[in-house]
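Descriptive analysis of the structure
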Amino acid sequence: MNDHAPSAPTVLSKGANVSLLHRSEIERSRMQAVVRWSDPDGATDIDVSALLLGSDGRVRSDDDFVFYNAPAGGEGSVRLLGKRVDDSAGEDRVAVDLESLPSEVESIVIAASRDPATGAGFGDVVDLGLVLLDAAGQPTARFDIGDAGTETAIVLGELYLRNEEWKFRAVGQGWESGLAGLATDYGITVDDSADDSADDSAATSGTSAAGGGSPTEPTAEIEGAGTVEDEPVVEAVVDAVVEAVVEAGAPVGSTDTDALTPAGTPSTRRAPRPGVRTRKRRTTAATLPPLTLAVDPSWQPARLFSISGVGNAEEQEKRATSTLLSTMMAVRDFGRALVSRFGGPAGTIETYLEVPFTLDERTAIPDGVIRVARGGRVWTALLEVKTGSSPLRHEQVDRYLDLARQQGYDAVITLSNDLAPVGGVHPLTVDGRKLRKVALHHISWSEVLHEAQMQLAHRGVDDRLQAWLLAELIRYLEHPRSGAAVFDDMGVNWVPVREAVAASTLRAADRKVGAVTTSWEKLVRQLGLRLTSQLGVTVSPVLPRGPARDHTARAQAAAVQLASDGTLSAALRIPGAAGPLGVTADLRTGHVRTSVEVDAPRDGGNTRRVNWILRQLTDAPDALTVEVLFARREQTSCELLKDARENPSALLPDPGAEVRAFRLTMAAPLGTKRNGIRKAFIPSVNDAVDAFYAGVVQGLRPGPPKLPTDVAADSIVAVAQG
């Protein structure tokens, strides 16, 4: 490993190429292609994709197309990592593991596309470019595209093998026929028929599209659920548990994607499409049949995963692990969604509990083993699980990394209640030499619960039996005694920091400040997960452009802000919303302020622009403040909504100043306790965000998704009660 500073990336012109590594340099074989663009208004949506090509320059099959409807390919060697945003730019990433790439693949095309329905081409995109990152995350090559026009799909570059050496070529070729036209020219069979009601059970022929990434990923639509009398649900569940969970239905080497379907259960999945669907699909939430035969409302439904009898921490951990792993086998799309987060292929999943191995003449027993069979290859990961407050231990993780390397396994996965402040960052620091042949991934129980909720409510599953199984998992994980907690504790330093802020004695260098700012980052990430699950669109934190990828820099900036202003702040980008949703916890005033800035329309005068925003705030609370931002002047005007409704002209003290935008802000009581429910900090922030979104943001144009009615009502009541 070199100690000197990394060199600047090679800047490529169109048609130029650069050497990357020799085929034998397996320790450097993992890299990422990052597509970036300027997006100060959050209005530009670009999707990255990849095509795996053989020696003839065409795909081997439709499975070699990696895109939003099929986020992994090449037996897991190429996978989408998802989008990220900061305050002025967006990016979408694809990861490539050249060592794991099928031997028949000789090049990988990296492409980007826009939705043709928007009518916008790449000529409208500012600062579009591709950056290639090496295994250490350092940029090695960059290609800026400055000559795009009306194209809605464009090949940005190509990774290719030449004389045992991997190289990268800058391409920059566009297609006005969109992603469908681009994919067709590389040999993909595209079927974008107009029938949106057709089943979307597979992104490609015979391949489930479930995977980690955008919540708008394709999924099977669900047959309409009937009443309890329509189908013997309990008998079907017993069959499913006996056949699908216990016996796993298929041998390890099988590639039969229907192997886990209970015998004798009629299939609700229609025949797969003959080709790939490149349009983003409409999803259908799974619905559960109501239980109608109880004599009295006090009757409690029987639970598949019972919390009864959970005793000590060891029993809690075993039961949570078994519950999760069995559900991953039984609910195929949910299992694949989790596996794809770790680079696993979309194949037949088998899971095992507490498998004994021998390492250095000692027995090693990981909590679980996940094996996925696809295309004659078996991907394997060891699982280390912690529940409750039990922390991950370095020595255990190091030992399992050694074990995985000895066995030739692909990954080690850690699962605990530690929600990393930034996705993809492991909570433990591990010797990089141990990661040369084995990948290390971390996921929190909050994220597992999020995936289950997304699958059930927004992506859909094969049938209502699987929906019931997934609902039972969610109920189990949400129970306090399961040990699978969401982030609900600001830590032991919260109260001392809050008291120091009140006394004006807090300093940015105080040790206790860093723990609180890290907890705040975790809370913001959980806010994004919660809203994503509730709305069905990807809600992500907006990071400052400078320290967006530097946790240390962000922590330092947050510490200075907390010490000087007594505030913690963040912003969330919500697709379809008028602007990012700002959240500020003010420890001095004891309030949570939520806000959104809305650009005024370009046409019409000031009075018309004020009336335009007031018409959208019909259902907003009277206590909302409406602030008017003017062009070419720092001074603003501000009124309560109830006063602005009665006298809109009060917002226009200077008729000659042009109205540029509106800032809408609502204040709610700030909880003070580090954890708990009543008067606690985290629930007060959650309720403030939900109430502001429901009462203000979702009523603003262009019209984002609606918050569930019960969630909105509960949060509004909680804020009103303080």
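Residues numbered from 1 in each chain as written. Predicted model: local features only at pLDDT ≥ 70, side-chain atom pairs only at ≥ 80, totals over all residues. Heavy atoms only, no water.

**Remarks on the overall build of the chain**
Heads up, the rule is: Numbered from the N terminus, helices here are DSSP runs of H or I no shorter than four residues, and strands are runs of E no shorter than two. Whether a residue is buried, partly exposed or exposed follows from its accessible area with a 1.4 Å probe, protein chains only, as a fraction of its type maximum: under 20%, in between, or over 50%, in that order. Using the Shrake-Rupley algorithm and a 1.4 Å probe, accessible areas are obtained, with residue cover drawn only from the displayed protein chains.
Secondary structure summary: the chain contains 14 helices and 27 strands in total. Counting over 722 residues, the chain shows a buried share of 52%. Total accessible area on the chain stands at roughly 31,400 Å², and carbon and sulfur atoms take up 50% of it.

**Observations regarding the nonpolar core**
Note the following rule: To form a nonpolar core, buried Ala, Val, Leu, Ile, Met, Phe, Trp, Tyr and Cys residues must be joined to one another through side-chain atoms within 4.5 Å. Whether two residues are in contact is decided by their heavy atoms, any of which lying within 4.5 Å being enough.
Judged by nonpolar contacts, the single largest core of 69 residues is most densely connected at Leu617, Leu664 and Phe681. For Leu617, the residues in contact, after removing those within four places along its chain, are Leu624, Val626, Leu641, Arg645, Leu664, Val696 and Leu700.

**What to know about the sheet that holds strand 22 (residues 567–573)**
Two modes of strand pairing occur in sheets, parallel and antiparallel, and in both the strands are linked by backbone hydrogen bonds. Let me state the cut-off plainly: Note: two strands are recorded as paired if DSSP finds a minimum of 2 bridges between them.
The strand order 21-22-23-24-27-25-26 describes an open sheet built from seven strands, whose pairing is antiparallel. Of all strands in the sheet, those with a lone pairing partner are strand 21 (540–541) and strand 26 (636–640), marking the two edges.

**Quick look at the packing of helix 6 (residues 445–459) against helix 7 (residues 464–478)**
Defined as follows: Fitted lines through C-alpha atoms give the axes, limited to the stretch in contact for helices. The angle between two N-to-C directions lies from 0 to 180 degrees. Oblique is the label for any angle not covered by the other classes, which are roughly parallel (under 35 degrees), roughly antiparallel (over 145) and roughly perpendicular (65 to 115). Each helix crossing is assigned a hand: it is left-handed if the near helix lies turned anticlockwise from the far helix by less than a right angle, otherwise right-handed if that turn is clockwise. Note that Gly is not counted as nonpolar here; it falls among the polar residues with everything else outside the nonpolar set of Ala, Val, Leu, Ile, Met, Phe, Trp, Tyr, Cys and Pro and the charged set of Asp, Glu, Lys and Arg.
At their nearest, the axes of helix 6 and helix 7 sit 10 Å apart, and the two run at 150 degrees to each other. Considering the angle they form, helix 6 stands roughly antiparallel to helix 7. Regarding helix 6 and helix 7, the two cross each other, and that crossing is left-handed. Contact residues: helix 6 offers Trp445, Val448, Leu449, Ala452, Gln453, Gln455 and Leu456, while helix 7 offers Ala467, Leu470, Ala471, Leu473, Ile474, Leu477 and Glu478. Grouping the amino acids of the contact of helix 6 with helix 7 by side-chain chemistry returns eleven nonpolar, two polar and one charged.

**Examining the pattern of salt bridges**
This is how it is decided: Only one rule defines a salt bridge in this text: a Lys or Arg side-chain nitrogen within 4 Å of an Asp or Glu carboxyl oxygen.
Evaluation of the coordinates by the stated rule reveals 36 salt bridges. A salt bridge links Arg645 to Asp622; the shortest N-O distance between them is 2.5 Å. With Arg645 in helix 12 (residues 641–646) and Asp622 in the loop between helix 11 (606–615) and strand 25 (625–630), the pair connects residues that are 23 residues apart, well separated along the chain. The exposure class assigned to Arg645 is partly exposed, which follows from its relative accessible area of 32%. A single network of salt bridges, built from pairs that share partners, joins Arg341, Glu447, Glu451 and Arg525.

**A word on the pairing of strand 18 (residues 377–385)**
Stated precisely, the cut-off is as follows: A crossover counts as right-handed when, viewed with the strands pointing away from the observer, the path leading from the first strand over the helix to the second turns clockwise.
Of all nine residues in strand 18, seven are buried, a share of seventy percent or more. The pairing of strand 17 (residues 368–374) with strand 18 spans seven bridges and is classified as antiparallel. Residue Val372 lies in a different strand from strand 18, and its bridge partner there is Trp379. Judged from the five bridges that link them, strand 18 and strand 19 (residues 411–416) form a sheet pairing that is parallel. Each residue of the ladder has a partner; that of Val385, found in strand 19, is Leu415. After leaving strand 18, the chain enters helix 5 (residues 394–407) and then returns to the sheet as strand 19, a path that is right-handed.

**Structural notes on the sheet that holds strand 13 (residues 165–175)**
With antiparallel pairing, six strands are arranged side by side in an open sheet as 2-13-12-9-4-5. Each having just a single partner strand, strand 2 (17–22) and strand 5 (65–66) make up the two edges of the open sheet. One ladder, built from two bridges, connects strand 4 (residues 47–53) with strand 5; its direction is antiparallel. The residue bridging Leu51 from the neighbouring strand is Phe65, located in strand 5. Strands in contact with helix 1 (residues 178–185) are strand 4, strand 5, strand 9 (107–113), strand 12 (153–162) and strand 13; relative to strand 12, the strand with the most contacts, it is inclined by about 30 degrees.

**Focus on the packing of aromatic side chains**
Each aromatic ring pair is characterised by the separation of its centres together with the angle its planes make. Spelled out, the test is: Pairing of aromatic side chains requires ring centres within 6.5 Å, counting the rings of Phe and Tyr and the six-membered ring of Trp. Pairs whose planes differ by under 30 degrees are stacked, by over 60 edge-to-face, and all others tilted. A ring is considered to have a charge above it if a Lys NZ or an Arg CZ atom is located within 6 Å of its centre and within 35 degrees of its normal.
With the rule as written, the count across this model stands at six aromatic pairs. A centroid spacing of 6.3 Å and a plane angle of 45 degrees characterise the contact between Trp175 and Tyr186, whose relative ring orientation is tilted. Placement of Trp175 in strand 13 and of Tyr186 in the loop between helix 1 and helix 2 (233–246) is noted, with a sequence separation of eleven residues between them. Classification of Trp175 by relative accessible area gives buried; the value is 10%. The class for Tyr186 is buried, based on a relative accessible area of 15%. An aromatic cluster of at least three residues, connected via ring pairs, comprises Phe65, Phe67 and Tyr68. The residue whose ring lies beneath Arg169 is Tyr160, and the NZ or CZ to ring-centre distance is 4.2 Å. Its end group placed over the ring of Phe630, Arg633 keeps NZ or CZ at 5.0 Å from the ring centre.

**What about unusual backbone geometry?**
Geometrically, the link from Arg701 to Pro702 is a cis peptide bond, its omega value of 10 degrees lying close to zero. Within the secondary structure, Pro702 sits in the loop between helix 13 (681–695) and helix 14 (709–721). The phi dihedral of Glu164 falls on the positive side, at around 65 degrees, and the residue is not glycine. With respect to the helices and strands, Glu164 occurs in the loop between strand 12 and strand 13. According to the relative accessible area criterion, Glu164 is partly exposed, its value standing at 40%. The phi dihedral of Glu361 is positive, around 60 degrees, even though this residue is not glycine.

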